[in-house]
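Tertiary structure, described
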Amino acid sequence: MIIIMKQEATEAEVAEVVREVEQTGFRPFINPGVERKVIALLGEVDIDKVQLVDHFSVLDGVERVQLISEPYKLASRHTHPEPLKITLGLQPDAERVTIGGTELVVMAGPCSVESEAQIVGTARAVKAAGATLLRGGAFKPRSSPHSFQGLGLEGLKLLAAARAATGLPVVTEIMDPHDLDVVCRYADVLQIGARNMQNFSLLRYVGETRHPVLLKRGPGAKIADFLLAAEYVLNGGNLQVMLCERGIITFENATRYTTDINAVPVLKKQTHLPVVIDPSHATGDAEYVPSVAMAGIAAGADGLIIEVHPDPAAALSDGKQSLRPVRFATLMDQLRRLAPVVNRTLADGCTQ
Ligand code: PEP
Ligand code: MN
C-alpha cells in the first residue's frame, strides 16, 4: 500500500500520517527528494487492507491511497513516479557523473584489472572516446577455481591509480561481504555480479552502505526476482541502485547468453531505477557487441557497460568479448549519432 500526499501537504500532516502508519504495525518509508511525498507501508501485518485504505484516505494532506500488488514496494515506480537520477563519483578525485537523466552513461574497461599499464592505458583510451566511468574487476567470479581470480586489493589500488590519472569514477565487483570495507574505500560504484544477484546476505550488507550499486541480473532470474533483489538493497536504506541486463539463458547457443531487450522497456515501466545494458557478457563476442549496445540504447536504456581491452587475445578473462579501444571509439561515434533519436545525448570524445 502507498499513501500519496497532496503536493501542498505540510510537514506536520506528513508526520501525522507516518505516526498513524506506525500505529498499524507497518514500517513507513518516505521517498526523499520526490516533489509529491509518497509513503510506502512496509512489512507484513495481518490487517484488513481495504479498511486501512479508507482510514488513511481521510487523513489531512492525503491525496489518495493505493493498494499495490507488486511485492517490490521500494523498487516500484508507484512509490517513486519520477525516474531516479544517481550521481556517481563519490571518491574525492573522481569526476561527477549523473545517470538517469538525458545524458547516456557509458562504463568501459577490461573484464579484469591485470596491470598498471593495462588499466591506466585502457582508462585513458575509453575516456578519450567519451566513456564517463571505468569498469574493471579486482575480485572475479570465475566458473573454475583454476582460472585467474583477479588481483584483489592490488587490483583495487590500480583502479584508484587509473581514476587519479583520468578522473573516471570506478565500478568494480564486490563478491564477499568481508571485502566490503576495502572495496568501498576504492570504488565509486559497487557491482553485484550476475551470480550473486540472489546472494541475499551480500545484498543486505551492500544495502547498509551508501555506495551506488550496479546490480546485474542473474542469467536465470525473472524480472520480478531481479526487482526483488534490488528491493533488498533499497530496504537497507541504500536507494542508489542501477539495474543491469547482461543476458539470460535460453535454448539459443549461438551466443553466450541472449540479451533480453524486452527487459529494458519492462523495467522502465516497473521501476524508477536506471537501467544499464551489458552487451559484452550478453553476447560473449566482440563482433556482436556494437549492435546490441545500440539496440539497448534504442530500447531506452540509461547506459551501457562494455568490456574494452588493449590486447584482447592476451586478456586474462573475457578476451573474446572485449572490444579494442579503436572499435570502442567507433561505437561511441555511432552511439553519438543514435542518441538524439531517443532524446538522449552522449559525452563528447576527443579525437585520438
Ligand atoms: C563482469 O562484469 O565481468 C562479470 C563477471 O559479469 P556477470 O556477473 O554479468 O557475469
Ligand atoms: Mn567479464
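Residues numbered from 1 in each chain as written. Chains lettered and ligands numbered in written order. Predicted model: local features only at pLDDT ≥ 70, side-chain atom pairs only at ≥ 80, totals over all residues. Heavy atoms only, no water.

Brief notes about the coordination of the manganese ion (ligand 2)
In plain terms, the rule: Sites may look incomplete, because water is not among the atoms used; the donor set itself consists of N, O and S atoms within 2.8 Å of the metal (3.2 Å for Na, K and Ca). What counts as a helix is a DSSP run of H or I of at least four residues, what counts as a strand is a run of E of at least two, and both are numbered from the N terminus. Only protein chains enter the accessibility calculation, which uses a 1.4 Å probe; a residue whose area is less than 20% of its type maximum is buried, one above 50% is exposed, and one in between is partly exposed.
Taken together, C111 (SG), H281 (NE2), E307 (OE) and D318 (OD) make up the full set of protein donors to the manganese ion (ligand 2), lying 2.0 to 2.4 Å away. Positions of the donor residues of the manganese ion (ligand 2) along the chain correspond to the pattern C-x169-H-x25-E-x10-D. Of this pair, C111 sits in the loop between β7 (103–109) and α3 (116–129) while H281 sits in helix α9 (residues 279–283), and the two are 170 residues apart along the sequence. Residue C111 shares its accessibility class with H281, and that shared class is buried.

Overview of the site of ligand 1
What counts is decided by this rule: Each residue is tested against the molecule or strand, and it is near if at least one of its non-hydrogen atoms lies within 4 Å. Here a polar contact means two N or O atoms within 3.5 Å. Within protein one must be a hydrogen donor candidate and the other an acceptor candidate, and residues neighboring in sequence count only if both atoms are side-chain atoms. The Shrake-Rupley method, run with a 1.4 Å probe, gives the accessible areas here. Residue values count only the displayed protein chains as cover. In this classification, Asp, Glu, Lys and Arg are treated as charged, Ala, Val, Leu, Ile, Met, Phe, Trp, Tyr, Cys and Pro as nonpolar, and every other residue, Gly included, as polar.
The environment of ligand 1 is made up of C111, R135, K140, P141, Q191, G193, A194, R195, K216, R246, H281 and E307. Between ligand 1 and A194, the relevant distance is 2.7 Å, taken from an oxygen atom to a main-chain nitrogen or oxygen of the residue. Between ligand 1 and R246, the relevant distance is 2.6 Å, taken from an oxygen atom to a side-chain nitrogen or oxygen of the residue. Protein contacts shield 97% of the accessible area of ligand 1, which totals 300 Å² for the unbound molecule. Residues belonging to the shell around ligand 1 are distributed by class as follows: three nonpolar, three polar and six charged.

Looking at the pairing of strand β12 (residues 241–245)
We count it as follows: Looking down the strands as they point away from you, a crossover is right-handed if its path from the first strand over the helix to the second goes clockwise. Note on pairing: two strands pair once DSSP finds at least 2 bridges between them.
With five of five residues buried, β12 is to be regarded as a mostly interior element. On β12, burial covers both faces: V241, L243 and E245 on one face and M242 and C244 on the other are all buried. As a crossover connection, the stretch from strand β11 (residues 213–216) through helix α7 (residues 223–235) into β12 is right-handed. With three bridges connecting them, β12 and strand β13 (residues 275–277) associate as parallel partners. For E245, the partnering residue across the bridge sits in β13 and is I277. Crossover β12 to β13 through helix α8 (residues 263–270) is right-handed.

Some thoughts on the sheet that holds strand β1 (residues 2–5)
Note the following rule: Whenever a helix is involved, its axis is fitted only over the stretch in contact; in every case the axis is a line through C-alpha atoms, and angles between N-to-C directions fall within 0 to 180 degrees. The criterion used for residue contact is that any of the two residues' heavy atoms lie within 4.5 Å.
Pairing is antiparallel across the open sheet formed by four strands, whose spatial order is β2-β3-β1-β4. The sheet terminates laterally at β2 (27–30) and β4 (62–66), the two strands that pair on one side only. Direction aside, the axes of adjacent strands within the sheet are offset by 20° on average. Note that β2 and strand β3 (residues 38–42) share four bridges and pair antiparallel. Pairing of I30 across the sheet is with I39, part of β3. On top of the sheet, helix α2 (residues 49–57) reaches β1, β3 and β4; it is set at about 170° to β4, its chief contact.

Details of the domain arrangement of the protein chain
Put simply, the rule is: Domain borders in the structure are assigned automatically or taken from a domain database.
Per the domain assignment, the segments of the protein chain are domain 1 (2–66) and domain 2 (86–351). A separation of 36 Å is found between the C-alpha centroids of domain 1 and domain 2.

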